[in-house]
Amino acid sequence: LQTMSGNEDDWLALKPREPSPSQCCGSGCKPCIYDVYEKELAQWERAKAKQDKSLLMEKKEQSNNSELNPDTFTAFSISSVEQLTEDTYQYRFELPGNSSLQLSLGQHIVLRGVVNGLEVQRAYTPISPGYAEGYFEVLVKCYEAGLMSQYIKTWKKGDTVFWRGPFGGFPYQPNKHGELLMLASGTGLAPMLPILQSITDDEEDETFVTLVGCFPTFDKIYLKPLLQDLARYWNVRIFYVLSQETSLEKLPWSYQENTYTGHLNEDLMKTIINSCRRKPFVLICGSSAFSEDMSKYLKAAGIEENSCFVF
């Protein structure tokens, strides 16, 4: 190995930079961006101790082989952009040939964006089935003041975007639970869809599913045609809770009987749980405030903590 006795400045320039808090998506990824930093720092320290820069060569920030990887970011190209509601978009990314992401159910991937020179990372769960070939799709809600949203709003077809993963996931097994009760707020619908689709695609899986989608208004319910299709299965029920609708009369009649106005509160939770056909195992995804409220209401309804999973 060629050794170089580079001076201090050279080595300092090569030292990995500690991530800023905005770069951590807070979803408990393994490895977290801080783990990756620790690993790179240790590698840098070893190389510096030996004064051998070639020991840093194995470090690769980005990969272009289109394989998703938890440690490094991989470039994926946007093949379509579809606006679903005024602030929600569905993005489709290309995968080479007929390869698939091979995600387990409910797993998320982490997006890296740079806004005004600041690197930001956020976790998203693809809504396409894990076995989808040649593409994957992500549902994104853009917030007016959100840093990542400012970056995402600039995306157009053909742009390249960097992802790493997969992380997390809900260890779903067919027929393990008698009934799954899915409580989703807004884009919290994302991790529920692959699980729901895997149940409806598997004729041997007889798990009952009750999905409760919480949205502000009827217009803001995402992916209505897909949800309507899923609700036709014998073992699937879908309810909507619309916090800003005051009356059900304006809704299409097919939605009136399975929609509630107002918020998903303790009373409504008890009503829904009592209507479940078996004792449910509960999946929760939404804001941290939503998750806290749901956990509280479930407890009041007699559902133990070990019968819940929060994404």
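What counts, and at which threshold
Residues numbered from 1 in each chain as written. Predicted model: local features only at pLDDT ≥ 70, side-chain atom pairs only at ≥ 80, totals over all residues. Heavy atoms only, no water. Domains from an automatic or database assignment. Contact = heavy atoms within 4.5 Å. Buried area = accessible area lost by both parts, 1.4 Å probe. Salt bridge = Lys/Arg side-chain N within 4 Å of Asp/Glu carboxyl O. Polar contact = N/O pair within 3.5 Å; in protein donor to acceptor, adjacent residues only side chain to side chain. Helix = DSSP H or I, 4+ residues; strand = E, 2+ residues; numbered from the N terminus. Nonpolar A, V, L, I, M, F, W, Y, C, P; charged D, E, K, R; others polar. Pairing = 2+ DSSP bridges. Axes fitted to C-alpha atoms, helices over the stretch in contact; angles between N-to-C directions. UniProt positions renumbered as here; feature names shortened; annotations may be inferred. Buried < 20%, exposed > 50% of the residue type's maximum accessible area, 1.4 Å probe, protein only.

1. A closer look at the domain arrangement of the protein
Here is step 1: Segmenting the protein into domains produces domain 1 (74-167) and domain 2 (179-310).
Here is step 2: The straight-line distance from the C-alpha centre of domain 1 to that of domain 2 is 24 Å.
Here is step 3: Contacts between domain 1 and domain 2 engage 16 residues on the former and 13 residues on the latter.
Here is step 4: Taking both partners together, domain 1 and domain 2 bury about 1200 Å²; carbon and sulfur atoms supply 69% of that area.
Here is step 5: Together, L105, I127 and L139 form the three largest contributors to the area buried by domain 1 at its contact with domain 2, with a combined 37%.
Here is step 6: Along the contact surface separating domain 1 from domain 2 lie 1 salt bridge.
Here is step 7: One salt bridge in this structure joins E86 and K220, with 3.1 Å as the shortest N-O distance.
Here is step 8: Taken together, domain 1 and domain 2 are joined by 3 residue pairs in polar contact (both at pLDDT 80 or more).
Here is step 9: Secondary structure elements with two or more residues in the side of domain 1 that touches domain 2: β2 (73-85), β3 (88-94) and β6 (135-141).
Here is step 10: Looking at which element gives the most residues to the side of domain 1 that touches domain 2, the answer is β6, with 3 residues.
Here is step 11: Its residues placed into classes, the side of domain 1 that touches domain 2 shows 8 nonpolar, 6 polar and 2 charged.

2. Re the sheet that holds strand β9 (residues 208-215)
Here is step 1: Strands sit in the order β11-β10-β9-β8-β12-β13 across an open sheet of 6 strands; the sheet is parallel. A single partner strand is all that each edge strand has here, and the edge strands are β11 (259-261) and β13 (308-310). Across the sheet, the mean angle separating the axes of adjacent strands is 15 degrees when strand polarity is ignored.
Here is step 2: Judged from the 7 bridges that link them, β9 and strand β10 (residues 236-242) form a sheet pairing that is parallel. Opposite V209, over in β10, you have V236 as the bridge partner.
Here is step 3: Sitting on the sheet, helix α4 (residues 192-201) is in contact with β8 (179-185), β9, β10 and β12 (280-285), with an inclination near 150 degrees to β8.

3. Remarks on the UniProt feature "binding site: FAD" (unreviewed entry) in the protein
Here is step 1: Cross-referencing UniProt, the feature "binding site: FAD" (unreviewed entry) maps to R122, Y124, L139, K141, M148 and S149 in the present numbering. Spanning 28 residues, the named residues form one tight spatial group whose C-alpha atoms are at most 13.6 Å apart.
Here is step 2: By the secondary structure assignment, Y124 is in strand β5 (residues 118-124).
Here is step 3: If near-sequence neighbours (up to four positions away) are discounted, Y124 is found in contact with H108, I109, L111, V138, L139, V140, M148, I152 and W163.

4. As for the pairing of strand β7 (residues 160-167)
Here is step 1: The buried fraction of β7 is high, at 6 of 8 residues.
Here is step 2: Pairing of β2 with β7 involves 4 bridges; the strand directions are antiparallel. Pairing of T74 across the sheet is with W163, part of β7.

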